[in-house]
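Chain by chain, the residues run as shown.
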Amino acid sequence: MTPLKATAIAHPNIAFIKYWGDVDPSQHLPANGSISMNLDALSTMTTVAFVDDLPDDQVILNGTPPDVVTRQRVGAHLDHLREWAGTDHRAQVFSRNSFPAGTGLASSASAFAALTLAAAAALDLALPKSHLSAMARLGSGSASRSIPAGFVEWAAGESHETSCAFSIAPPDHWTLCDCIAVTCTTHKVVGSTEGKARATTSPIYRARVESARAALDPCRAAIHARDLAALGALMETDAVLMHAVTMTSHPPVYYWMPTTLAVLQSALAWRAEGLPVYFTLDAGPNVHCLCEETNAAPVAERLRAIPGVKTVIVARPGPGAHLTDHHLF
Ligand code: DP6
């Protein structure tokens, strides 16, 4: 049989209002909605082929077979799609990240968004975008936000069907830049799935969820109005609250490294001098510095001069997940 094959490209996203806690971890049903921007400079390309006589799924990530846990996570995600399509064919999966080597950057968001779109297309499932986003969410919560384009909101929802993401503005709506200061090249000690599972043990968990919920309307409005000062204030508060939750969880997780704090303090100082730049962080030590396109070069240059900053990647608002005719095998 000719394998049913498809290839998709997806971009990771940086959350302005974050996902850090589940109502139902088994389905990644989040405690609060979240808002993000896709990052054009980084991407994952994934080819999936379903073959009728394969004994098991074959997975190759960046040229090598992944560890058992990752392989199982990919297999479990393919099971959701197989169930939907009513098939038990195993799949060949080849995936490649465009992320610069040695930056310690990796993204479950772009990985599961690309895997979902490629597998759905290979299975000839004509799913609406909202459904694809919900399916991607089952693989990794933040992957739901890498399906739509540009600036994206993930509505928390109350069920699998209603917890999905949609675009609130296209990529060309705002020439916002994310200057990513890479401060550490090794993998994080505690992954976001594990760190997030501890969130409810923090005494400030509820307060952060309430604060994040309240920030959604003003964050959406700030994006529509291209108001960096308003977006920046909301984004910094949520990022620091999220990290305060990780540091007060049991057992605690400190994602910040000395260089992380140096970058945060520098951004505050530059802003006081009149350079509009605002920070956020994911579950790791790298710092995302958001600024207008016109300030990206000076911000990137200043970031590179901070001791301990290994490299700086400048990303602009990126497209949603899409199919391509170029296959990886
Ligand atoms: C800090 O989506 O990576 O990046 O659903 O367990 O795969 P899983 O978690 P994940 O968590 C994202 C955490 C974050 C914040 C965000 O992107 O909203």
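Remember, it's a predicted structure, so these values are computed and weren't measured experimentally. (Residues numbered from 1 in each chain as written. Predicted model: local features only at pLDDT ≥ 70, side-chain atom pairs only at ≥ 80, totals over all residues. Heavy atoms only, no water.)

1. Quick look at the side chain of T47
Next, step 1: Examined against the element boundaries, T47 turns out to sit in strand β6 (residues 44-51).
Next, step 2: Ignoring sequence-local partners within four residues, the contact set of T47 consists of K5, A6, T7, Q92, V93, F94, H327, L328 and F329. (Helix = DSSP H or I, 4+ residues; strand = E, 2+ residues; numbered from the N terminus. Contact = heavy atoms within 4.5 Å.)

2. Digging into the site of the ligand
Next, step 1: Contacts to the ligand come from 17 residues, most closely from S140, G141, S142, R145 and T193.
Next, step 2: Between the ligand and K196 there is a distance of 3.1 Å, counted from an oxygen atom to a side-chain nitrogen or oxygen.
Next, step 3: Within the side chain of D282, a nitrogen or oxygen atom sits 3.3 Å from an oxygen atom of the ligand.
Next, step 4: Among the elements that line the shell around the ligand, the one with the most residues is helix α4 (residues 192-197), at 3 residues.
Next, step 5: Residue classes in the shell around the ligand are distributed as 5 nonpolar, 7 polar and 5 charged.
Next, step 6: Here the shell around the ligand spans two domains, and each of domain 1 (4-172) and domain 2 (176-315) adds at least three residues to it. (Near = heavy atom within 4 Å. Polar contact = N/O pair within 3.5 Å; in protein donor to acceptor, adjacent residues only side chain to side chain. Nonpolar A, V, L, I, M, F, W, Y, C, P; charged D, E, K, R; others polar. Domains from an automatic or database assignment.)

3. As for unusual backbone geometry
Next, step 1: A cis amide bond links H250 to the next residue, P251, at an omega of -10°.
Next, step 2: Its identity as a non-glycine residue notwithstanding, H28 has a phi of 55°, on the positive side.
Next, step 3: Residue position: H28 is located in the loop between β3 (22-24) and β4 (29-30).
Next, step 4: When its relative accessible area of 10% is taken as the criterion, H28 is described as buried.
Next, step 5: Despite not being glycine, D124 has its phi angle at roughly 65°, a positive value.
Next, step 6: Tracing the chain through its elements places D124 in the loop between α2 (108-122) and α3 (129-139). (Buried < 20%, exposed > 50% of the residue type's maximum accessible area, 1.4 Å probe, protein only.)

4. Re the pattern of salt bridges
Next, step 1: Under the criterion given, the structure shown has 13 salt bridges.
Next, step 2: Note that R82 and D57 form a salt bridge whose closest N and O atoms lie 2.9 Å from each other. Here R82, found in helix α1 (residues 68-85), pairs with D57, found in the loop between β6 and β7 (58-61); they are 25 residues apart in sequence, far enough to count as distant. When sorted by exposure, R82 lands in the same class as D57, which is buried.
Next, step 3: With a shortest N-O distance of 3.0 Å, R220 and D217 are connected by a salt bridge. On the criterion of helical spacing, the pair formed by R220 and D217 is a turn pair, its members being 3 residues apart in helix α5 (residues 205-224).
Next, step 4: Using a relative accessible area of 24% as the deciding quantity, one classes R220 as partly exposed.
Next, step 5: With relative accessibility at 52%, the residue D217 sits in the exposed group. (Salt bridge = Lys/Arg side-chain N within 4 Å of Asp/Glu carboxyl O.)

5. Thoughts on the sheet that holds strand β13 (residues 287-292)
Next, step 1: Overall, antiparallel pairing links the 4 strands, which are arranged β12-β13-β11-β14 in an open sheet. In this open sheet, the two strands that pair with only one neighbour each are β12 (278-280) and β14 (311-315). Within this sheet the neighbouring strands show an average axis-to-axis angle of 25°, counted without direction.
Next, step 2: One ladder, built from 3 bridges, connects β12 with β13; its direction is antiparallel. From the neighbouring strand, T280 faces β13, where its bridge partner is H288. (Pairing = 2+ DSSP bridges. Axes fitted to C-alpha atoms, helices over the stretch in contact; angles between N-to-C directions.)

6. Regarding the domain arrangement of the protein chain
Next, step 1: Segmentation of the protein chain into domains returns domain 1 (4-172) and domain 2 (176-315).
Next, step 2: Just the C-alpha atoms count here: the centres of domain 1 and domain 2 sit 23 Å apart.
Next, step 3: Listed as interface residues are 31 residues of domain 1 and, on the opposing side, 44 residues of domain 2.
Next, step 4: Taken together, the two surfaces of domain 1 and domain 2 that pack against each other cover about 3,000 Å², and 69% of this comes from carbon and sulfur.
Next, step 5: Of all residues in domain 1, the largest losses of buried area upon contact with domain 2 belong to F16, K18 and W20, amounting jointly to 29% of the total for that side.
Next, step 6: At the boundary of domain 1 with domain 2, the tally comes to 3 salt bridges.
Next, step 7: The closest approach of N and O atoms between R220 and E153, which form a salt bridge, is 2.6 Å.
Next, step 8: Applying the counting criterion to the domain 1 and domain 2 interface returns 11 residue pairs in polar contact (both at pLDDT 80 or more). (Buried area = accessible area lost by both parts, 1.4 Å probe.)

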